[in-house]
Amino acid sequence: MLGALRVLEIAWDTTRVGRGDGDAIARRQQNRLADLVKHARSSSPYYRRLYHDLPSRVTDPQLLPPVRKPDLMAHFDEWVTDPDLTLERLRREFLSDLSLVGSLYLRRYHVFTTSGTTGEPAVLVHDVDSWAVLQVVARLRARRALLSQGLVRNALRRGLRWAVLFATGGHFGGVVLTESLRRRSSFMARRLRVFSVLRPVSELVEELNEFQPTVLNGYPSAIALMAAEQRAGRLRISPFLAQTSGEAMTAQTRNAITSAFGCGIVEGYAASEAPALAVQCPAGSLHVNADWYLLEPVDAAYRPVPPGETSHTTLVTNLANRVQPVIRYDLGDRVAVATSPCPCGSPLPRVTVEGRTNDVLSFESPDGPAVTVLPLALGTVIEETPGVSRFQAIRTGSSRLSVRLEMQPGSGEEEVWAAVDARLEKFFRDHGAAPVSVEHAAETPHADPRTGKFRQVWSA
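Description of the structure in this document. The model shown is predicted, which means the values in this text are computed figures rather than measured ones. (Residues numbered from 1 in each chain as written. Predicted model: local features only at pLDDT ≥ 70, side-chain atom pairs only at ≥ 80, totals over all residues. Heavy atoms only, no water.)

1. A few points about the overall build of the protein chain
Point 1. Across its full length, the protein chain carries 15 helices and 20 strands.
Point 2. Taken along the three principal axes of its C-alpha coordinates, the protein chain extends 65 × 55 × 45 Å.
Point 3. Out of the 460 residues belonging to the protein chain, those deemed buried represent 54%.
Point 4. Long-range pairs, those at least 24 residues apart, make up 65% of the contacts in the protein chain with a sequence separation of at least 6.
Point 5. With an accessible surface of roughly 20200 Å², the protein chain has 51% of that area assigned to carbon and sulfur atoms.
Point 6. Charge separation in the protein chain, taken as the distance between the mean sites of 53 positive and 49 negative side-chain charges, equals 9 Å. (Helix = DSSP H or I, 4+ residues; strand = E, 2+ residues; numbered from the N terminus. Buried < 20%, exposed > 50% of the residue type's maximum accessible area, 1.4 Å probe, protein only. Contact = heavy atoms within 4.5 Å. Areas by Shrake-Rupley, 256 points an atom, 1.4 Å probe, with all protein chains shown as cover. Lys, Arg positive; Asp, Glu negative; His and termini not counted. Charge placed at Lys NZ, Arg CZ, Asp CG, Glu CD.)

If you want it as structure tokens, here you go:
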């Protein structure tokens, strides 16, 4: 009962914010930030040390030092505020069992695993409030864009069959969200399916042709790849809507999807640390849910950048999550806040985002056309190898791939490389590629010295 009342409270407040102004949003940010910092100081040993010399009440985020994923993960057990949560237990009791994807840990927490654009693996835990914000705020604020694309009309006329194209094999955000919904609703379990982008393209096409989805959801690159299969005549589906997240949407990708499927596109901007960060409005802008997420575009020294200027990186604060406080967390994305109001009338700030910039790769096949490989699929194969902490994969030729690895402490270098080689050989073979020569690069993964961005997969 308490959970239902909390959901109603969040929904009511979300509606009020949509009818208010920027001052109302700022007041909520300040009050929620002060409460979050107070809680973090009292319940998280990590933040207690970090905030030791700060004022008793903090409403200005710039008083708080930024945090980065490697530091937080190195102190995971001190970062979280529930002593029942330890990284060792999470990995042993929950994350190692893929049958538990989408279920609750300790009957109260949703758990994501991710690497993100910094290349550092992370485990993110969301409590009841954080999950309620994701479910309520994202849905309420996305409904206008979805309705403008004829979601209800088309669903009633053509039925609702939702195909979700994400990487599988772990407790990854998009898959956790999907499987959580399938577990809660028998209706959605029949109409909502995950299609793994790790599968060969020909198998994905066959499965989608059988399922005949009316809505596609997934990485822009994955949906664009399916658009190419549609143009080639191998894929034969008629979705009325595509929802994208996880990567930046380029104009070229958008045009490829709309021209192939003739459908509308609704974008989202999310991270496992802040899963309902921004949603698209009917005018096509991305609006930050600033009443629950504090987004700060900053330069390389973590100083604020003005509206209209693209940041070096972005700090995010999840104002809802108490079990694992995410406060001024370096997200790694480059964003710019708009300088003018949105035509849709929303008081929420609108942003443009430079997300992941990994490349779609192509490799030789024994006979016939080149084999296309999605960067997130290739990356998952390497990243999920036991012993791998960080990686980079660079296509250096039509049948050559250079791999840089950073090993987890205590891992045997020869054993990890052998496992990566075996997994990549199987991946390329399953995708119908000719043998690919994998070079073991001597250098370790590192950011681009010109941009400071960490790219994981690209073509040289």
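This is not the end of the story, as more comes after the structure.
2. Digging into the pairing of strand β14 (residues 350-354)
Point 1. As defined by bridge partners, strand β9 (residues 286-288) adjoins β14 across 2 bridges and the pair is classed as antiparallel. When the bridges of β14 are listed, Leu 286 appears paired with Val 351.
Point 2. When strand β13 (residues 334-337) meets β14, the two strands line up antiparallel, connected through 4 bridges. Bridge pairing in β14 places Arg 334 opposite Glu 354. (Pairing = 2+ DSSP bridges.)

3. Considering the sheet that holds strand β3 (residues 162-166)
Hydrogen bonding along the main chain pairs the strands of a sheet, whether they run parallel or antiparallel.
Point 1. Strand order across the open sheet formed by 9 strands is β4-β3-β5-β6-β7-β8-β9-β14-β13, with mixed pairing between neighbours. The outermost strands of the open sheet, each flanked by one partner alone, are β4 (192-196) and β13. Direction aside, neighbouring strands of the sheet carry axes that sit 30 degrees apart on average.
Point 2. Across 3 bridges, strand β7 (residues 264-271) lies against strand β8 (residues 274-280) in antiparallel orientation. For Tyr 269, the partnering residue across the bridge sits in β8 and is Ala 278. (Axes fitted to C-alpha atoms, helices over the stretch in contact; angles between N-to-C directions.)

4. Quick look at the sheet that holds strand β20 (residues 457-459)
Point 1. Within the open sheet, the 4 strands sit side by side as β19-β18-β17-β20. Their pairing is mixed. In this open sheet, the two edge strands, each paired with only one partner strand, are β19 (437-440) and β20. Within this sheet the neighbouring strands show an average axis-to-axis angle of 20 degrees, counted without direction.
Point 2. Bridge analysis of strand β17 (residues 388-397) against β20 gives 3 bridges, and the strand direction is parallel. Within β20, the residue paired with Ala 393 across the bridge is Val 457.
Point 3. Helix α14 (residues 375-383) contacts β17, β18 (400-407) and β20 of the sheet and is inclined by roughly 135 degrees relative to β17.

5. Topic: the packing of aromatic side chains
Point 1. Enumeration over the complete set of coordinates arrives at 9 aromatic pairs.
Point 2. Consider the rings of Tyr 46 and Tyr 47, whose centres lie 5.5 Å apart with planes at 90 degrees: the pair is edge-to-face.
Point 3. When the ring of Phe 363 is compared with that of Phe 428, the centres are 5.0 Å apart and the planes differ by 65 degrees; the resulting orientation is edge-to-face. Highlighted residues: Phe 363 in strand β15 (residues 361-363) and Phe 428 in helix α15 (residues 413-430), separated in sequence by 65 residues.
Point 4. The exposure class assigned to Phe 363 is buried, which follows from its relative accessible area of 1%.
Point 5. Among the aromatic residues, those joined into a ring-pair cluster are Tyr 46, Tyr 47 and Tyr 51.
Point 6. Directly above the ring of Phe 211 sits Arg 193, whose terminal nitrogen or CZ lies 5.2 Å from the centroid.
Point 7. One Lys or Arg, Arg 395, reaches over the ring of Phe 363 and ends 5.9 Å from the middle of that ring. (Phe/Tyr/Trp six-rings, centres within 6.5 Å; stacked < 30°, edge-to-face > 60°. Lys NZ or Arg CZ within 6 Å of the ring centre and 35° of its normal.)

6. Comments concerning the packing of helix α12 (residues 220-231) against helix α13 (residues 251-261)
Point 1. Two elements in contact, α12 and α13, have axes whose closest approach is 9 Å; the angle formed by their N-to-C orientations is 40 degrees. Classified by the angle their axes make, α12 and α13 are oblique. Like other packed secondary-structure pairs, α12 and α13 cross with a definite hand, here left-handed. For the pair α12 and α13, contact is made by Pro 220, Ile 223, Ala 224, Met 226, Ala 227, Gln 230 and Arg 231 and by Thr 253, Ala 256, Ile 257, Ser 259, Ala 260 and Phe 261, respectively.
Point 2. Tallied by class, the residues present in the contact of α12 with α13 amount to 9 nonpolar, 3 polar and 1 charged. (Parallel < 35°, antiparallel > 145°, perpendicular 65-115°, else oblique. Left-handed = near helix turned anticlockwise from the far one by under 90°. Nonpolar A, V, L, I, M, F, W, Y, C, P; charged D, E, K, R; others polar.)

7. A few points about empty space enclosed by the protein
Point 1. Enumeration according to the criterion identifies 2 cavities of 30 Å³ or more in this entry.
Point 2. In this model, the second largest cavity occupies a volume close to 50 Å³.
Point 3. Looking at the second largest cavity, the residues that line it are Val 197, Arg 199, Val 201, Leu 204, Leu 225, Thr 372, Val 373, Leu 374, Ala 377, Phe 427 and His 431.
Point 4. Of all the secondary structure elements, the ones that give two or more residues to the lining of the second largest cavity are α11 (201-211) and β16 (371-373). (1 Å grid on protein atoms, 1.4 Å probe; cavity = no way out; pocket = protein on both sides within 12 Å on 5 of 7 lines; lining within 4 Å. Points joined across faces, edges and corners; volume = space filled by probe spheres on them.)

8. Remarks on the environment of Thr 385
Point 1. Note that Thr 385 resides in the loop between α14 and β17.
Point 2. Each C-alpha atom of the pair Thr 385 and Asp 421 lies 10.0 Å from the other, and the pair is 36 residues apart in sequence.
Point 3. Filtering out sequence-adjacent residues up to four positions away, Thr 385 remains in contact with Val 416, Ala 419, Val 420 and Arg 423.
Point 4. Among the polar contacts listed, one links the side chain of Thr 385 to the backbone oxygen of Ile 382, at a separation of 3.0 Å. (Polar contact = N/O pair within 3.5 Å; in protein donor to acceptor, adjacent residues only side chain to side chain.)

9. Quick notes on the side chain of Gln 29
Point 1. Assignment of secondary structure puts Gln 29 in helix α2 (residues 22-43).
Point 2. Reaching out from Gln 29, the side chain makes a polar contact with the backbone oxygen of Ala 290 at a distance of 2.9 Å.
Point 3. Residues within four places of Gln 29 in sequence aside, it is in contact with Ala 290, Tyr 293, Leu 294 and Leu 319.

10. Regarding the environment of Ile 265
Point 1. Tracing the backbone shows Ile 265 in strand β7.
Point 2. Discounting chain neighbours no more than four positions away, the residues touching Ile 265 are Gln 149, Ala 242, Thr 244, Met 249, Arg 254, Ile 257, Thr 258 and Gln 280.

11. Regarding unusual backbone geometry
Point 1. The residue Leu 106 is not glycine, and still its phi comes out positive at about 55 degrees.
Point 2. Residue classification places Leu 106 among the partly exposed positions, given a relative accessible area of 25%.

12. Considerations on a nonpolar patch on the surface
Point 1. A cluster of nonpolar side chains, contributed by Leu 147, Val 152 and Leu 156, occupies part of the molecular surface with about 320 Å² of accessible area.
Point 2. Within the secondary structure, Leu 147 sits in helix α7 (residues 128-148). (Patch = residues over 30% accessible without salt bridge, like charges linked within 9 Å, V, L, I, M, F, W, Y side chains within 5 Å. Salt bridge = Lys/Arg side-chain N within 4 Å of Asp/Glu carboxyl O.)

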